[in-house]
Amino acid sequence: MDNFASYFTKDSKIMLENVSYESVPPLKEPTKGKKLDCKDSIVASVKYPLGVKIVFNRRMTFDPEEMFVLSVSFSALMKFDPEKRDLVDWRSVDLVKEFTRGFPTLLATLNARTTLLVAQITSAAGSSPLIPIAARAPGKAGGYNNPEI
C-alpha cells in the first residue's frame, strides 16, 4: 500500500493494554540449564470509524517451565484522517505489515515501553532486570540467540 501513514492523523494514543505475571513453582528435580524464551507479537484491528488499533505483546517463559511466565502488552490507536478513511477497503489490508513498514518510530516506542516494563517487573524482587533485545534472523551479522541461564 502506498503511503500508509497518510491515511492517519499525526496523533496516536499509546496505552498499557495488559500485564500478566504468574509465578511458577520450582521443579522438583534441578535442571542443568534453563532457556529463556522471549516472543513478540503484533495484532492489528480496525476500529471503524475511529482508526486502527495495534497491540504489541511480549511473552517471556522459561524452558523447562520455571520461575515465571510474563506477558506485557501496549497498544496504539492510530486515528483515521476523516477525508481519507473511506478510500480504502480496510478488511483487505495487511495492517500488521503496513504498520511495521509505515510506522517504525511508533513500533520502536511500543517496543521500548514494553522492554522498560519487563525490566521493572523482573527486577521487583531484587534481582537483576531482564532486558530482552530484538532478535535478528539467523545467519545475519550480529545475530542473537537466547542464552541458557
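Look up: the structure comes first, before these words.
Here we summarise the structure given alongside this text. Computed from a prediction, not measured in an experiment: that's the story for all the values here.

### Some words on the overall build of the protein chain
Right, on to step 1. Scanning the protein chain from N- to C-terminus turns up two helices and four strands.
Right, on to step 2. In sequence order, the protein chain lays out its α and β elements as β-β-β-β-α-α.
Right, on to step 3. Going through the 149 residues of the protein chain one by one, you find that 33% of them count as buried.
Right, on to step 4. About 9,500 Å² of surface is accessible on the protein chain, with carbon and sulfur atoms providing 53% of the total.

### Brief notes about the layout of surface pockets
Right, on to step 1. Approximately 190 Å³ is the volume found for the second largest pocket.
Right, on to step 2. Every residue lining the second largest pocket is counted, eleven residues in all, and those nearest its centre are Met 67, Phe 68, Thr 122, Ser 127 and Ser 128.
Right, on to step 3. Secondary structure elements with two or more residues in the lining of the second largest pocket: β4 (67–80) and α2 (104–122).
Right, on to step 4. Partitioning the lining of the second largest pocket into residue classes produces eight nonpolar, three polar and no charged.

### Section: the packing of helix α1 (residues 95–102) against α2
Right, on to step 1. Two elements in contact, α1 and α2, have axes whose closest approach is 5 Å; the angle formed by their N-to-C orientations is 95°. Our classification of the angle between α1 and α2 gives roughly perpendicular. Across the interface between the two elements, Phe 99, Thr 100, Arg 101 and Gly 102 of α1 pack against Pro 104, Leu 106, Leu 107 and Leu 110 of α2.

### Details of the nonpolar core
Right, on to step 1. One finds Phe 4, Phe 8, Met 78, Trp 90 and Phe 99 to be the most contacted residues of the largest nonpolar core, which totals 27 residues.
Right, on to step 2. Broken down by secondary-structure element, the contributors of at least two residues to this core are β3 (51–63), β4, α1 and α2.
Right, on to step 3. Top element by residues in this core is β4. It accounts for seven residues.
Right, on to step 4. Beyond its immediate sequence surroundings of up to four residues, Met 78 is in contact with Phe 4, Phe 8, Ser 12, Leu 50, Gly 51, Val 52, Ile 54, Phe 99, Phe 103 and Leu 106.

### Overview of the sheet that holds strand β1 (residues 8–24)
Right, on to step 1. Pairing in this open sheet of four strands is antiparallel, and the strands run β1-β4-β3-β2 from one edge to the other. Whereas interior strands pair on both sides, the edge strands pair on one side only; in this sheet they are β1 and β2 (35–47). The mean inter-strand angle of the sheet, taken between neighbouring strand axes irrespective of direction, is 15°.
Right, on to step 2. Two elements, β3 and β4, share ten bridges in a ladder whose sense is antiparallel. Bridged to Ile 54 within β4 is Ala 76.

### What about α2?
Right, on to step 1. Between its first and last C-alpha, α2 extends 27 Å over 19 residues, near the 27 Å set by a 1.5 Å rise per residue.
Right, on to step 2. When we look at burial in α2, the residues that qualify are Leu 106, Leu 107, Leu 110, Thr 114, Thr 115, Leu 117, Val 118, Ala 119 and Thr 122.
Right, on to step 3. Where α2 is buried, its residues contact β1, β2, β3, β4 and α1.

Each value, and the rule that gives it
- Residues numbered from 1 in each chain as written.
- Predicted model: local features only at pLDDT ≥ 70, side-chain atom pairs only at ≥ 80, totals over all residues.
- Heavy atoms only, no water.
- Helix = DSSP H or I, 4+ residues; strand = E, 2+ residues; numbered from the N terminus.
- Buried < 20%, exposed > 50% of the residue type's maximum accessible area, 1.4 Å probe, protein only.
- Areas by Shrake-Rupley, 256 points an atom, 1.4 Å probe, with all protein chains shown as cover.
- 1 Å grid on protein atoms, 1.4 Å probe; cavity = no way out; pocket = protein on both sides within 12 Å on 5 of 7 lines; lining within 4 Å.
- Points joined across faces, edges and corners; volume = space filled by probe spheres on them.
- Nonpolar A, V, L, I, M, F, W, Y, C, P; charged D, E, K, R; others polar.
- Axes fitted to C-alpha atoms, helices over the stretch in contact; angles between N-to-C directions.
- Parallel < 35°, antiparallel > 145°, perpendicular 65-115°, else oblique.
- Contact = heavy atoms within 4.5 Å.
- Core = buried A, V, L, I, M, F, W, Y, C linked by side-chain atoms within 4.5 Å.
- Pairing = 2+ DSSP bridges.
- Expected span 1.5 Å × (residues − 1).

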